[in-house]
Amino acid sequence: MSDDEPEIPPMWPVGTSQEYIDARIELAKAERLLRDRVEEVAAARRRMPRGAVLGDYTLTGGPAALEKDEPTEPVSLRDLFGDHETLVVYHLMYHPDAEAACPMCSMWVDGFNGVAAHLAQHTAFAVIGKAPLPMLRAWARRRGWEGVRILSSHGTAFNADMHAERPDGAQRPMISVLAREDGRVRHFYTLPADFLDGAQRGIDLLSPVWNVLDLLPGGRGDWYAGNAYAGRD
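Residues numbered from 1 in each chain as written. Predicted model: local features only at pLDDT ≥ 70, side-chain atom pairs only at ≥ 80, totals over all residues. Heavy atoms only, no water.

A.B. asks: Give a detailed account of unusual backbone geometry, specifying residues and quantitative values.
C.D. replies: Geometrically, the link from Glu70 to Pro71 is a cis peptide bond, its omega value of 5 degrees lying close to zero. With respect to the helices and strands, the residue Pro71 is situated in the loop between strand E2 (58-61) and strand E3 (73-76). The phi dihedral of His163 falls on the positive side, at around 60 degrees, and the residue is not glycine. With respect to the secondary-structure elements, His163 resides in the loop between helix H5 (158-161) and strand E7 (174-181). Of note in the backbone geometry, Asp182 takes a positive phi value of approximately 50 degrees without being a glycine. On the secondary structure map, Asp182 appears in the loop between E7 and strand E8 (184-192). Assessed through its relative accessible area of 80%, Asp182 is described here as exposed. (Helix = DSSP H or I, 4+ residues; strand = E, 2+ residues; numbered from the N terminus. Buried < 20%, exposed > 50% of the residue type's maximum accessible area, 1.4 Å probe, protein only.)

The following block contains the structure:
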């Protein structure tokens, strides 16, 4: 290392081979480039043109505490913003005829529930599903989602208009960001789980699970989240 090059903080224990050290330094350079690319994409996202103005859909909400399902109340999309000018919506895959919510969606909401207090410093956040409210709240109780607001879009065109469901009624996993401007709700951004070419992992960066698994020697493999393994049932 030359005198003008910064000292590299070790990312390996004592006794590591030079071969490993050299490979790790090259990997660190690639990780930095990845970080830079993520920031470039985030900047491009912020430069998006203004999105469409949305109708003020009337959703169904319930008590803040999950123990009871009633009384229910109509909640407009504008109401969900509270004191914030932005609203993040996770579109939970839970069809009215389904017996349970999507396990992968549930894993993502598990994560959002854990950081809800931090998100609340910056934006409003809500989980909206197509299933009737009692089904959604029962599922939220099972998962322990005390930190996120759960609402039902049952009986509304919200999912269809947001393309959070397919023409046949199948639900789509995705996350949307809405903005409030002059009393109107405007769409800013939606990120589905599938890319334009149908490839998956579109919203993986929003869950720490995948990012941690990618650190392992075997990577993430073909693992898929479940609703009924230890600690989740």
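We are not done yet, so read on.
A.B. asks: Now, about the domain arrangement of the protein chain: what can you tell me, with residues and values included?
C.D. replies: Entries for the protein chain in the domain assignment read domain 1 (16-47) and domain 2 (58-192). Inter-centroid distance (C-alpha atoms) of domain 1 to domain 2 is 34 Å. (Domains from an automatic or database assignment.)

A.B. asks: A description of the environment of Phe81 should follow, citing residues and the corresponding values.
C.D. replies: By the element assignment, Phe81 lies in the loop between E3 and strand E4 (86-92). Distance in space between the C-alpha atoms of Phe81 and Gly202 is 25 Å, their sequence separation being 121 residues. For Phe81, the residues in contact, after removing those within four places along its chain, are Thr86, Leu87, Ala124, Leu178, Ala179, Arg180 and Val185. (Contact = heavy atoms within 4.5 Å.)

A.B. asks: Can you explain the pattern of salt bridges? Please cite residues and give values.
C.D. replies: Scanning the model with the defined rule gives 17 salt bridges in all. Its salt-bridge partner being Arg50, residue Glu181 comes within 2.6 Å of it at the nearest N-O pair. In this pair, Glu181 sits in strand E7 while Arg50 sits in the loop between helix H1 (18-46) and strand E1 (53-54), placing the two residues 131 residues apart along the sequence. For Glu181, a relative accessible area of 26% puts it in the partly exposed group. (Salt bridge = Lys/Arg side-chain N within 4 Å of Asp/Glu carboxyl O.)

A.B. asks: Explain helix H2 (residues 103-114) to me, and be specific about the residues and the numbers.
C.D. replies: An ideal rise of 1.5 Å per residue puts 16 Å on twelve residues; H2 measures up with 17 Å between its terminal C-alpha atoms. Among the twelve residues that make up H2, ten are buried, leaving the element largely enclosed by the rest of the structure. Those residues of H2 that sit buried are Pro103, Met104, Cys105, Ser106, Met107, Trp108, Val109, Asp110, Phe112 and Asn113. Buried positions along H2 lie against E4, helix H3 (116-119), strand E5 (124-129), helix H4 (133-143), E7 and helix H6 (208-213). (Expected span 1.5 Å × (residues − 1).)

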